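Residues per chain are reported as follows:
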Amino acid sequence: MSGIVTYSPAYTLVPTYECFNRCTYCNFRTEPGQSSWLKLSEAQRQLERLQSEGVCEILLLSGEVHPRSPKRKSWFQRIYDICELALELGFLPHTNAGPLSFAEMAQLKQVNVSMGLMLEQLTPKLLQTVHRQAPSKVPAVRLQQLEWAGELQIPFTTGLLLGLGETEADWWETLEVIAQIQQRWSNIQEVILQPHSPGHQQSFSASAFHPYQLPEVIATAREILPSTIAIQFPPNLLSDPKFILECIAAGATDLGGIGPKDEVNPDYPHTDLSFLAEILATAGWVLVPRLPVYPPYQSWLSPRLQAAVGQWQKVEG
Ligand code: SF4
């Protein structure tokens, strides 16, 4: 067996860690008002440092300000301005900032080559447990984001978080719904299957989702999802390299954004790229970089974004 496995050379900028949700497994958030927002000048300093380092994707990963908060407008503007800055400096932005209004999503489309939001799990049972204090995690709200992204022709990444207390049947149901959205809108470029991996900050006490289960989940996901959707998993969350090979053999083809820090799982450093390439090579796989927008979706982008993508395609030959 052999073929290509992709990853995105990425760097994460965090406009703010503050978040009005309180998911009990979170290792990212701070309380609203307790951490300063990323200033444009600081974002510029970080981005300029990256310009000669082969980084293509700037992932904007943000905690959420409540839609009715007086701070929402400036929060959104900060995200927009950082995307604009990243584009001006030659990077390709991808934003994941929680549920957005239709108008916010339409605006961000102008400065993002793709966007993302994890569905996590569609079962409403989690609203009684890990999401009891997380209004943004109402499944219907998240599902609507995928639909709006389709309507707006935004190439989209979504995914499942595994091991929050859901059942196997819940996984398949969530995947079936993603497959239906793809049939309707054809806007889902990748689905992440992310195992719950306990970190230093969370109060949720369940043990980690064991990586030996992940290849089985990937194999079934591959049967449920249309072949136009790439399956992605985060290699830094798998305790043993043998699971990486098993996940690829089961049908995953992408390792996601790899950069200096996994902001969502800060207790699990990203795996070294050359080490990953070596592991994959033992089974005949070749690790290659990709852009944060997949080729079939490039025609959905504005002329300005298509030109930015074209520059990277020239670099990659
Ligand atoms: S997981 Fe996301 S939505 Fe939930 S508290 Fe953390 S940052 Fe907020």
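This text follows the structure it describes.
Counting restarts for each chain: residues are numbered from 1 in the order of the written sequence. This being a predicted model, a pLDDT of at least 70 is required before a residue's local features are given, and a value of 80 or more before pairs of side-chain atoms are given or counted; all residues contribute to the totals for chains, interfaces and linings.

Engineer: Outline the nonpolar core, supporting the account with residue identities and numerical values.
Structural biologist: Within the largest apolar cluster, 80 residues are counted, with the highest numbers of intra-cluster contacts made by V191, L193 and I218. Here a strand is any run of E in DSSP of at least two residues, a helix any run of H or I of at least four, and the numbering for each starts at the N terminus. The greatest single-element share of this core, amounting to eight residues, is contributed by helix α2 (residues 72–88). Setting aside residues up to four positions removed in sequence, V191 forms contacts with T158, G159, I178, A221, L225, I229, I231 and Q232. Only buried Ala, Val, Leu, Ile, Met, Phe, Trp, Tyr and Cys residues enter a nonpolar core, and they are joined through C-beta atoms within 7 Å. Buried residues are those with 20 or more other C-beta atoms within 10 Å of their own C-beta, exposed residues have 12 or fewer, and partly exposed residues lie in between; C-beta atoms are placed from the backbone. Residue pairs qualify as contacts under a 7 Å threshold applied to their C-beta atoms, which are placed from the backbone.

Engineer: Tell me about the site of the ligand, and please be specific about residues and values.
Structural biologist: Any residue whose C-beta atom, as placed from the backbone, lies within 6 Å of a molecule or strand is termed near it. Around the ligand, the surrounding shell consists of C19, N21, R22, C23, C26, F28, R29, G63, E64, G98, A134 and S136. Each residue is assigned to one of three groups, with Ala, Val, Leu, Ile, Met, Phe, Trp, Tyr, Cys and Pro labelled nonpolar, Asp, Glu, Lys and Arg labelled charged, and all others, Gly among them, labelled polar. Its residues assigned to classes, the shell around the ligand shows five nonpolar, four polar and three charged.

Engineer: Describe the packing of helix α1 (residues 40–50) against α2, listing the residues and the values that go with them.
Structural biologist: Angles here are taken between N-to-C directions and fall from 0 to 180 degrees, while the axes themselves are lines fitted to C-alpha atoms, restricted in helices to the stretch in contact. The N-to-C vectors of α1 and α2 enclose an angle of 30 degrees; their axes lie 10 Å apart at closest approach. Viewed along their axes, α1 and α2 adopt a mutual orientation that is roughly parallel. For the pair α1 and α2, the crossing hand works out as right-handed. Listed contacts from α2 to L40, A43, Q44 and L47 of α1 are D81, I82, L85 and A86. A per-class count over the contact of α1 with α2 returns six nonpolar, one polar and one charged. Any angle that falls under 35 degrees is termed roughly parallel, while one over 145 is termed roughly antiparallel, one within 65 to 115 roughly perpendicular, and all others oblique. By the definition used in this description, the sense in which the near helix is turned from the far one sets the handedness, with an anticlockwise turn below a right angle giving left-handed and a clockwise turn giving right-handed.

Engineer: Give a detailed account of the packing of helix α6 (residues 214–224) against helix α7 (residues 241–249), specifying residues and quantitative values.
Structural biologist: It is the contact of α6 with α7, at a shortest axis distance of 8 Å, that shows an interaxial angle of 15 degrees. Relative to α7, the element α6 is oriented roughly parallel. Of the two possible hands of crossing, α6 and α7 adopt the one that is right-handed. For the pair α6 and α7, the contacting residues are L214, P215 and I218 in the first and F243, E246 and C247 in the second.

Engineer: Before we move on, could you go through unusual backbone geometry and cite the residues and values that matter?
Structural biologist: At Q153, a residue that is not glycine, the phi angle is positive and equals roughly 55 degrees. You can see Q153 is positioned in the loop between α4 (139–151) and β5 (156–162). Even without glycine at this site, S186 takes up a positive phi of about 55 degrees.

Engineer: An account of helix α5 (residues 168–185) is needed here, citing residue identities and associated values.
Structural biologist: Along an α-helix, a turn takes 3.6 residues, which lines up residues three or four apart on a common side. Helix length check: α5 (18 residues) gives 26 Å between terminal C-alpha atoms against 26 Å at 1.5 Å per residue, within 8%. Within α5 the residues assigned to the buried category are W171, T174, L175, I178 and Q182. Each buried residue of α5 sits inside an arc of 95 degrees when the element is viewed along its axis, so together they form one side. Away from its buried face by more than 90 degrees, α5 exposes A169, E176, Q180, Q183 and R184. At its buried positions, α5 is contacted by β5, β6 (188–195) and α6. S186 occupies a position one or two residues after α5 and carries a positive phi of about 55 degrees. What a helix is expected to span follows from its residue count: subtract one and scale by 1.5 Å. To be clear, the arc concerns the directions from the helix axis to the C-beta atoms.

Engineer: Lay out the pairing of β6 in plain terms, naming residues and giving numbers.
Structural biologist: Most of β6 sits out of view: eight of its eight residues are buried. For two strands to count as paired, DSSP must find a minimum of two bridges between them. Relative to β6, β5 is paired through seven bridges, and the arrangement is parallel. What sits directly across from L161, in β6, is Q194. Crossover handedness for the path β5 to α5 to β6: right-handed. Two elements, β6 and strand β7 (residues 230–232), share three bridges in a ladder whose sense is parallel. Across the sheet, I192 pairs through a bridge with Q232, a residue of β7. Crossover connection from β6 via α6 to parallel β7: handedness right-handed. Place the viewer so that the strands point away; then a crossover is right-handed whenever the path from the first strand over the helix to the second strand goes clockwise.

Engineer: Break down the environment of S299 for me, citing the residues and quoting the values.
Structural biologist: Among the secondary structure elements, S299 is positioned in the loop between β9 (285–289) and α9 (303–316). For S299, a count of 8 C-beta atoms within 10 Å translates into the label exposed. Placed 146 residues apart in sequence, S299 and Q153 show a C-alpha to C-alpha distance of 9.7 Å.

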